[in-house]
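Fold and contact review
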Amino acid sequence: MLAISPTDRVFVLTGAGVSAESGIPTFRGVGGLWRNYRIEEVASPHAWRRDPRLVWEFYSMRRRVAGAAKPNSAHLALAKLEQKLQDRLFLCTQNVDDLHEQSGSMRVVHMHGELFKSRCDRCSRPPFHDTNTYDPPAELPRCECGGRIRPHICWFGEVPFESERIFRALDECTIFMAVGTSGVVEPAASFVAHVSDRARTIYVGPEEPANLSAFTECHLGKAGEVLPEFLALQTWKI
Ligand code: APR
């Protein structure tokens, strides 16, 4: 069970593994799927320039899968933790689904964007809510300015969202926990090294991540099984 003192600040980084038990495939690791697609071929500015239809086909498929998914007990345990800790919990996810929000988390930071948002690839129109799917041979959506509407996702080679807030929260945290992330995609893979000289660092997932050596603790198991108990916050005072 995780002991959290009144002065602790907790940073939780979630990855695809936290949504695996909700039926959303991970990219790598046990049961790593999306296997009909090589992720770099459909999730990069180059792919978008070369074949926007293929990119939308991939994200349309992901919108359908995520749209049917429901939060699991790992999402719920993290939402409960937020209710207790309020702004002393910083929940940063690499996931683009909305399962943290569906489970009640109010302050989720989506560093890789959001699946149910789109934006123009040319003008500064802000990202907007979009649950549409665009499968060939459907016309691809266009902005009023003539630009193409693209998924609001941080692709390979692009800069993750909210970096400044994220690094401020990393600097402030005393407990860092990563859940269900393979520890290979930067910059998230290096967050643990950024804090490991002063924070307690914990990994939760069924397999050891690539950056395991930077963690002080590793709890092997599925997030939906480990987190409810691990975060069943004893009698700590907050
Ligand atoms: N509970 C916890 N972890 C799990 C579970 C589970 N039930 N099932 C699988 N995992 C773990 C796997 O062991 C693996 O280590 O989840 C991890 C998933 O790794 P990735 O698929 O690499 O996901 P992630 O680390 O989030 O990927 C980072 O890569 O392609 C990009 O933008 C994409 O955000 C994604 C980024």
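Calculation rules
Residues numbered from 1 in each chain as written. Predicted model: local features only at pLDDT ≥ 70, side-chain atom pairs only at ≥ 80, totals over all residues. Heavy atoms only, no water. 1 Å grid on protein atoms, 1.4 Å probe; cavity = no way out; pocket = protein on both sides within 12 Å on 5 of 7 lines; lining within 4 Å. Points joined across faces, edges and corners; volume = space filled by probe spheres on them. Helix = DSSP H or I, 4+ residues; strand = E, 2+ residues; numbered from the N terminus. Axes fitted to C-alpha atoms, helices over the stretch in contact; angles between N-to-C directions. Parallel < 35°, antiparallel > 145°, perpendicular 65-115°, else oblique. Left-handed = near helix turned anticlockwise from the far one by under 90°. Contact = heavy atoms within 4.5 Å. Nonpolar A, V, L, I, M, F, W, Y, C, P; charged D, E, K, R; others polar. Domains from an automatic or database assignment. Buried area = accessible area lost by both parts, 1.4 Å probe. Salt bridge = Lys/Arg side-chain N within 4 Å of Asp/Glu carboxyl O. Polar contact = N/O pair within 3.5 Å; in protein donor to acceptor, adjacent residues only side chain to side chain. Buried < 20%, exposed > 50% of the residue type's maximum accessible area, 1.4 Å probe, protein only.

Take the layout of surface pockets next. Counted as a void, the second largest pocket has a volume near 240 Å³. Lining the second largest pocket we find Arg-9, Val-10, Asp-87, Arg-88, Leu-89, Phe-90, Arg-107, Arg-165, Arg-168, Ala-169, Glu-172 and Cys-173. At the level of secondary structure, the elements contributing two or more residues to the lining of the second largest pocket comprise β2 (89–93) and α6 (163–172). Take the lining of the second largest pocket: its biggest share by element is four residues, from α6.

Turning our eyes to something else, we now look at the packing of helix α4 (residues 73–85) against helix α8 (residues 223–230). Interaxial distance between α4 and α8 falls to 7 Å at its minimum, and their mutual angle equals 25 degrees. Considering the angle they form, α4 stands roughly parallel to α8. For the element pair α4 and α8, the recorded crossing hand is left-handed. Here Ser-73, Ala-74, Ala-77 and Leu-78 of α4 lie close against α8, whose contacting residues are Ala-223, Gly-224, Leu-227 and Pro-228. Partitioning the contact of α4 with α8 into residue classes produces six nonpolar, two polar and no charged.

Structurally, the chain comprises domain 1 (3–24 + 71–112 + 160–236) and domain 2 (30–68 + 117–153). Spacing between the C-alpha centres of domain 1 and domain 2 amounts to 27 Å. Taken together, the contacts link seven residues of domain 1 with eight residues of domain 2. Regarding the contact of domain 1 and domain 2, the summed buried area is about 610 Å², with carbon and sulfur atoms giving 70% of it. Among the residues domain 1 hides against domain 2, the three largest losses belong to Ile-24, Val-96 and Phe-161. Together they make up 57% of the total. In this structure, the connection of domain 1 to domain 2 is made through zero salt bridges. Where domain 1 touches domain 2, the interface holds zero residue pairs in polar contact (both at pLDDT 80 or more). Split by residue class, the side of domain 1 that touches domain 2 holds three nonpolar, two polar and two charged.

Let us now look at the pattern of salt bridges. Taken as a whole and assessed by the stated rule, the structure comprises seven salt bridges. Salt-bridge contacts for Asp-130 lead to Arg-63; the nearest nitrogen and oxygen are separated by 3.4 Å. Within this pair, whereas Asp-130 is found in the loop between β5 (128–129) and β6 (149–153), its partner Arg-63 is found in helix α3 (residues 52–68), the two being separated by 67 residues in sequence. Comparing Asp-130 with Arg-63, the two get one shared label, buried. In this structure, Glu-162 engages Arg-165 in a salt bridge whose closest nitrogen and oxygen atoms are separated by 3.2 Å. Relative accessible area serves as the criterion here: at 37%, Glu-162 is assigned to the partly exposed category.

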